[in-house]
Each structure stands twice: as structure tokens, then as C-alpha cells.
Amino acid sequence: MEERKSTVVITGASSGVGLYAAKAMAARNWHVVMACRDLEKTQKAAQAVGMPENSYTIMHIDLASLESVRQFVQNFRASGKTLNALVCNAAIYMPLIKEPLRSPEGYELTMATNHLGHFLLCNLMLEDLKKSAAQARLVILGTVTHNPNELGGKIPPRPDLGDLQGFAEGFKAPITMADGKKFEPVKAYKDSKVCNILTMRELHRRYHESTGIIFSSLYPGCVATTALFRNHYPLFQKLFPIFQRYITGGFVSEELAGERVAMVVADAEYAKSGAYWSWGNRQKKNRQSFVQQVSPQASDDARAKRMWDLSENLVGLTPVSSQAAVR
Ligand code: NAP
């Protein structure tokens, strides 16, 4: 009889951290659903890194589109697979744009892709994770730049969700930022990453005890060679990896970053819900992993609840505050 593998869905597995996380999970004998917007590119990427053909399935998702996220979940369920882990990894970073871009639903594109699409996906796929026989995990990628108290997060602009006025006012034009202030594309990325961590912490608070699911985040290190920086100045793209490798020491390869994601998804020592994992290049000897304190805004429980409620409205979810699982 064929062995039944565990299944992980990884968003944005067509390049960088997500691709190497997919490779590392396949090497752990998991089946990987590579949830991506460009199917052909993903197929080529999987082959290029040597993933065995039967170790993955490629399925379409455009995280910027709420309709596409819903369609993905339907397609996943129709495939008959059981979900054991979900990795929210896809992201865009568009530091040079002057005017905001909009998602199909009219939201600012960076927040829509990095946060709102994943927020909806997590909420919908909770039902699938609950059916996992083994303890399921849900992992959301974070980054050091969400935290202005960390060395890597000190370069302005600082992330700031304010009182989430932009979300409260519907987040459509002319609103561009979560705090309702003027558009700033780098801040939009950092804000979206604060929302990612708030989502993980709020998932943990609401659902860990009642479902047993392990919710966590990680900063995989500075993976300065990925396509995340494709929209930056060419000179930046050239110098950034050198700077990170030789000056800050924060540089990690895409392969190592992917391995770190896989550890958090599958390894016993990372079975800690509510944790934000990091690997010290300054804080710890031998780059050991440790649970790191998140930024003041990302650790603010009241802000997490407000972000959750407002995000529910923006993605069209019926408020779940009346459900028994919610405390
Ligand atoms: P990357 O190589 O650019 O990968 C981003 C992935 O997201 C790509 O597969 C991309 O797909 C996908 N994506 C973008 N928009 C999408 C959409 N609308 N729908 C579906 N997929 C979409 O960047 P990366 O560096 O690996 O980043 C991966 C994660 O790591 C991000 O969450 C990032 O915040 C986090 N991170 C990265 C670093 C770093 O130094 N690179 C550091 C800390 C955290 P396409 O191939 O179609 O563009």
C-alpha cells in the first residue's frame, strides 16, 4: 500500500524562501502544494531545484484577489487532500512606486497581497487544519523590519498601524495605508508584516487551546538574493547582498532560509504555538534559533483584536466572535 504523506500548502513557492521551503519539505517526505500565481514558472522552478515529480502539486492562487483565495480553497478541498500544515510566505515589496496599486477588490496592493489574502486563507483553511490527524501547524513569514527596536528594523520609515483608521474607513481609494496616512510603499510592506505577526498571535489566542493547532512565525534571516528586491534600484540589488554578508552578518542563503521554514513547520523542537522564531547572528552563538520578542505594536493584544475584526470586514468574513472556539 502507498504510504500516505503529510501535506503542506506553501504560498509563493515559485521562488526564493518559498521555493526552498518546498524543496526542504519534500526532502522530509511531505507532499507540497505549491500555491502560486504563475503555474509555468513554478513548474520550472520545482524542476530546477530538483524536487521529485511526485513530491508536489502546483495549484493557482493570487493572494491579491480575495475571490482567487476562495477559489483556491475550493480547489484544494476538491483535490481530496488532507491539510497538515499551511505556510503563508508569498509577499510583494515595491519600494519605488510613487502611487499605490490596487487589488481587484480596490485595496492597496501590498497590504492586500501580504496580509488580507493570507488573513482570508488562514481563516478558511483553519477548518481543513482541524481535520489533520497529527497536530497541525500554521506558519506565517515575518521579518526583522517589522520591528523598529531591532537593528535590522531601525532604517526609516517605521511601521505604524496607528489606530487602524485606514482599515476602519474601508481601505479603498483614496485611502492607501492602514493608519489612514499618506502612501509610503516601504512602510506599506512593513505594516503588512506587522499585520502578519498580529494575525499569528491572534490565531494563537483564539484557536490554539481549542484546536491544538500550532501557530508561529519566523524571521528566516536576511535572504538578500531573492526576487523580493526585484523592484528596487539595480545598484541596491547588487550592493545589498554584499552589505548583509560582510557588514551586518545577517545574510543567509535561500536554501538555508527554506530549511529554517521547514524546521518550524515539521520539527519537534518548534512545536510551540504563539512563537516568533529567529536565528541569532548577533544574539546567539552558532546562529541558534530562539523565540524572539516581537515589536511593541505586534505584541499589542488590543491592536491584534481590532486588526482582526477590521480585517474580517475587509475580506468579507462573517464575524466569528459568536463562535464557541473564540475566547
Ligand atoms: P520572493 O522570491 O520575491 O518570493 C515571493 C513569492 O511570493 C513569489 O513566489 C511570488 O510569486 C509570490 N507572490 C507575490 N505576489 C503574489 C500573489 N499576488 N499571489 C501569489 N503569490 C504571490 O521573495 P522572498 O524573499 O522569498 O520572500 C518570501 C517571504 O519571506 C516573504 O513573506 C518575505 O516577507 C519573507 N522575508 C524575506 C526576507 C528576505 O530577506 N528576502 C527576509 C525576511 C522575510 P511570483 O514568482 O509569481 O512573483
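The structure presented is a predicted model; accordingly, all values stated were derived computationally and were not measured.

On to the site of the ligand. Taken together, 32 residues lie near the ligand, and Ser 14, Ser 15, Lys 41, Tyr 189 and Thr 226 sit nearest. Between the ligand and the protein, one listed contact pairs an oxygen atom with a backbone N or O atom of Val 223 at 2.8 Å. Between the ligand and Thr 226 there is a distance of 2.5 Å, counted from an oxygen atom to a side-chain nitrogen or oxygen. In isolation the ligand offers 900 Å² of accessible surface; the protein chains occlude 97% of this area. The set of elements that each furnish at least two residues to the shell around the ligand consists of helix 1 (16-27) and helix 6 (185-211).

Here we take up the packing of aromatic side chains. Across all of its chains, the model carries eight aromatic pairs by this definition. Relative to Trp 277, the ring of Tyr 270 lies with its centre 4.7 Å away and its plane at 70°, an arrangement referred to as edge-to-face. For the pair Tyr 270 and Trp 277, a shared accessibility class is recorded, and that class is buried. Grouped by ring-pair contacts, the aromatic residues Tyr 107, Phe 167 and Phe 171 constitute a single cluster.

The eight strands are arranged 3-2-1-4-5-6-7-8 in an open sheet whose pairing can be described as mixed. In this open sheet, the two strands that pair with only one neighbour each are strand 3 (56-60) and strand 8 (289-291). The average undirected angle you get between the axes of adjacent strands in this sheet is 20°. In the sheet, strand 5 (residues 137-141) pairs with strand 6 (residues 214-218) via five bridges, with the strands oriented parallel. By the bridge assignment for strand 6, Ile 140 is matched with Ser 217. Across the sheet, helix 3 (residues 66-78) touches strand 1 (7-11), strand 2 (31-36) and strand 3, and the angle it forms with strand 3 is around 145°.

Conventions adopted
- Numbering of residues starts from 1 in every chain and runs along the sequence as written.
- Totals for whole chains, interfaces and linings use all residues, but because this is a predicted model, local features are given only for residues with pLDDT of at least 70 and pairs of side-chain atoms are given and counted only at 80 or more.
- Computation of side-chain values: all heavy atoms of the structure, hydrogens and water removed.
- Proximity is defined per residue: if any heavy atom of the residue lies within 4 Å of a molecule or strand, that residue is considered near it.
- We define a polar contact as two N or O atoms separated by no more than 3.5 Å, with the added condition that, inside protein, one atom must be a possible hydrogen donor and the other a possible acceptor, whereas residues neighbouring each other in sequence contribute only through side-chain atom pairs.
- All accessibility values rest on the Shrake-Rupley procedure with a 1.4 Å probe; residue burial counts only the protein chains present in the view.
- The secondary structure listing takes helices from DSSP runs of H or I that are at least 4 residues long and strands from runs of E that are at least 2 residues long, numbered from the N terminus.
- Working definition: rings of Phe, Tyr and Trp (its six-membered ring) pair if their centres are within 6.5 Å, and the pair is stacked with planes under 30 degrees apart, edge-to-face with planes over 60 apart, and tilted otherwise.
- We call a residue buried when its accessible area falls under 20% of the maximum for its residue type, exposed when it is over 50%, and partly exposed in between, using a 1.4 Å probe and counting protein chains only.
- Paired strands, as defined in this entry, are two strands with at least two bridges between them according to DSSP.
- In this analysis an axis means a line fitted to C-alpha atoms, helices contributing only their contacting stretch, and an angle means the value between N-to-C directions, from 0 to 180 degrees.
- The contact criterion used throughout is that any non-hydrogen atoms of two residues lie within 4.5 Å.

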